[in-house]
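Chain residues, written in single-letter form:
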Amino acid sequence: MLLGLGFSLDSFAQTVVFDQEIYWQHPPNSTYGGYGFYWWHWTDGGPGIENYGDMSPTDWTTPLNYYNGEFQLRFEVLEMPSNETFYIQFGIWSDYSKGTSHPETVSGRKLVTPGSVYSGSLGSPNTWWQKQPADPVDFSRPEDFYRIGIVLWNNSPTCIPMGTEWNADGCPEYAYKYFPMRARVTVTATSGGSGPVIYPPSYSVDYTNERTNKVVSTDDQYSYSSSFSPVYDGNGQYLTLTPGTDVYFRKKADYSKTQHLDVPSRPATPSFGINYGSEQTSTTVSSTYEHANSSDMSGAVTGTGAAVTLTPGSNKYFRARATSSSFRSGIQTLTVPSRPSAPAFGIDYTNERTSTSVSSSYSYSTSSSMSGAVSGTGSPVTLTPGQAMYFRLNATASAFASAIQTLSVPARPAAPTVTIDFANQRTSTTIGSTMEYATVSTMSGAVTGTGGYVSVLPESDLYLRSKSTASAFASSILHLDAPARPAAPAFVIDYASETTSTAVTTGEYATIADMSGALTERVSPWH
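Below: a short report on this structure. (Residues numbered from 1 in each chain as written. Predicted model: local features only at pLDDT ≥ 70, side-chain atom pairs only at ≥ 80, totals over all residues. Heavy atoms only, no water.)

### Regarding the overall build of the protein chain
Quick note on the threshold: Secondary structure elements are defined from DSSP: runs of H or I of at least 4 residues count as helices, runs of E of at least 2 residues count as strands, and each element is numbered from the N terminus. All radius of gyration figures rest on C-alpha atoms, and the globule criterion is 2.2 Å times the number of residues raised to 0.38. Throughout this description, buried means an accessible area under 20% of the type-specific maximum (1.4 Å probe, protein chains only), exposed means over 50%, and partly exposed covers the range between.
Counting its secondary structure elements, the protein chain contains zero helices and 37 strands. A compact globule built from 527 residues would reach a C-alpha radius of gyration of about 24 Å, whereas the protein chain, at 52 Å, exceeds it by more than 25%. Taking the principal axes of its C-alpha atoms as reference, the protein chain extends roughly 175 × 55 × 35 Å. Counting all 527 residues of the protein chain, 40% fall into the buried class.

What follows is the structure, encoded as structure tokens:
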């Protein structure tokens, strides 16, 4: 295939050895290695991974001789704990059956600076260091390669941060600067010839914006099928990504230079619940999540590690936030029920309590804020005239506390106005059926008025009040203080004048003991 640049692509035969985004940790990892080593080809009794990239699995010397060709490395740090520079080497280990005397070859070290992309030549394998110069790695037997990968070196001092159980010369104390690391690694090989090196496309996922991390070059094509059918040309714009839908890229100049971009699915929707008692979420909401009052998540607020306050009747929306390696989750709609209606307790004015019993499902307080609230006991609640009482239905495992009922409790009516008719030894007015009276201040044994006067005897106090009604308490109690009877007058006879010895001016007199027919005139001659 001619490229229009004056040379044949086959004249330099560039082939992908490895092209992938990697996640590199320090502890030994059963998937790839660890301790400063990342092997994508690994068959030494481990997981048995055979990954030759696009290289031949049978011979790297014929028909294309990569041993005498040139290898290229592109290394881009995507995430790393520090900005420390470090060295990278490419290596091949062979003939695992030979034990510690196995062949091994590695390229020269290349300095990588985080924040920039290293892209350059690793030279020709025929110039690389050989562990066994007399028994070099045989590129004609790639089937006997048991490791292909890269090695990371600390810059100063120059050492590999491997564990001491692997090699006593390791420097694991520097591992914290580099691991865990996320990087894009591309290794290609050419067998000779001339012409520009064509690297495979190298895109990754921008999880926050749900698109490629960079615009899709007009030199590239993309498809949602590994067969590139249908295929679309890059247009210098970001490509919007759909979680769970992988994308395949290739170079227009060389269809063999491809990239499979693994686009993970969207994480599961969160599942927060309701604590109806505290009117909050049932669990804390960490900074991994965000919440909003709107279903489109506008104005979303990041969790703080505390429970989120909920408003009865107003739904809340939650989702996991995007990270450097994960899309934001689906949105959870937390349906928040309305607050139940306030209860409707009434007043029993006769017994000065609620008209019905108050069960333990309710609580009550003399404060509108329900401070110091007390749970019902299954009996009516005593009321104090003039003191409002507040009630609500308690929260349950599936319902909020109700709205608060304000039970307005009227003041006690004033005591009736009744005085003593001393002349007739009775009340000054008649006592009707709306009133009652008793001879003790507790009103025990009280008698309802019949519409007549009530006798008031000297030194026999009387207590009166208006009776309770369906809408009013019994009134305050009137105390009629009945004084003692005054002493009898001490008139004597003036025998000379046949009259009382003194005039009768403030009293009365009669000729019979029951005082019937009593007169108030002055006594004349006494008979």
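### Structural notes on the nonpolar core
Here is the rule: Each nonpolar core is a collection of buried residues, namely Ala, Val, Leu, Ile, Met, Phe, Trp, Tyr and Cys, held together in the definition by side-chain atoms within 4.5 Å. Note on definitions: a residue-residue contact is assigned when non-hydrogen atoms from the two residues lie within 4.5 Å.
If you look at the biggest cluster of nonpolar residues, it comprises 38 residues, and the most contacted ones within it are Trp24, Trp60, Phe71, Phe75, Phe86 and Phe90. When residues of this core are traced back to their parent elements, those giving at least two are β1 (14-24), β3 (37-42), β4 (70-79), β5 (86-94), β8 (117-123), β10 (145-154) and β11 (181-190). At five residues, the largest contribution of residues to this core is made by β11. With residues up to four places along the chain from it excluded, the contact list for Phe75 reads Trp24, Phe86, Ile88, Val112, Ser116, Val117, Tyr118, Ile150, Met181, Ala183, Arg184 and Val185.

### Looking at the pairing of β3
The criterion, for reference: We call two strands paired when DSSP finds no fewer than two bridges between them.
Counting buried positions along β3 yields six of six residues, so the element is predominantly enclosed. Bridge count between strand β2 (residues 33-34) and β3: two bridges; the pairing is antiparallel. Across the sheet, Gly33 pairs through a bridge with Tyr38, a residue of β3. Taking the residues that link successive antiparallel strands as the turn, the β2-β3 hairpin has two residues, and the phi of Tyr35 there is positive, at about 55 degrees. Across five bridges, the pairing between β3 and β10 is antiparallel. Directly across from His41, in β10, lies its bridge partner Ile148.

### So, the packing of aromatic side chains
The line we're drawing: What counts as a ring pair is set by centres within 6.5 Å for rings of Phe, Tyr and Trp (its six-membered ring), and what kind of pair is set by the plane angle: stacked under 30 degrees, edge-to-face over 60, tilted for all other angles. Lysine NZ or arginine CZ positioned within 6 Å of the ring centre and within 35 degrees of the ring normal marks a charge as sitting over the ring.
One pass over the structure, following the stated rule, counts 37 aromatic pairs. Arranged with centres 4.9 Å apart and planes meeting at 85 degrees, the rings of Tyr35 and Trp166 form a pair that is edge-to-face. Placement of Tyr35 in the loop between β2 and β3 and of Trp166 in the loop between β10 and β11 is noted, with a sequence separation of 131 residues between them. On the numbers, 5.9 Å between centres and 75 degrees between planes, the contact of Phe75 with Phe86 is edge-to-face. Placement of Phe75 in strand β4 and of Phe86 in strand β5 is noted, with a sequence separation of 11 residues between them. As far as burial versus exposure is concerned, Phe75 and Phe86 are alike and both buried. Here Arg109 stacks its cationic end above the ring of Trp153, 4.6 Å away from the centre of that ring. Over the ring of Tyr238 we find Arg211, and its NZ or CZ is 3.7 Å from the ring centre.

### Concerning the pattern of salt bridges
As a working rule, side chains carrying opposite charge can pair if their charged atoms are close by. Basically, it comes down to this: When a carboxyl oxygen of Asp or Glu lies within 4 Å of a side-chain nitrogen of Lys or Arg, that pair is called a salt bridge.
For the structure on display, the rule yields 20 salt bridges. One salt bridge in this structure joins Asp348 and Arg353, with 3.6 Å as the shortest N-O distance. Here Asp421 ties to Arg426 by a salt bridge, and the two come within 3.4 Å at their closest N and O atoms. We classify Arg426 as partly exposed; its relative accessible area is 27%. Salt bridges sharing partners connect three or more residues here, namely Asp95, Lys98, Asp135, Asp138, Arg141 and Asp144.

### Things to note about the environment of Asn29
Where we set the bar: N or O atoms closer than or at 3.5 Å make up a polar contact, with two conditions inside protein: a donor-capable atom paired with an acceptor-capable one, and, for residues adjacent in sequence, both atoms drawn from side chains.
Within the secondary structure layout, Asn29 lies in the loop between β1 and β2. Apart from the residues within four sequence positions on either side, Asn29 is in contact with Gly34 and Trp42. Polar contacts involving the side chain of Asn29 include one to the side chain of Gln25, which spans 3.3 Å.

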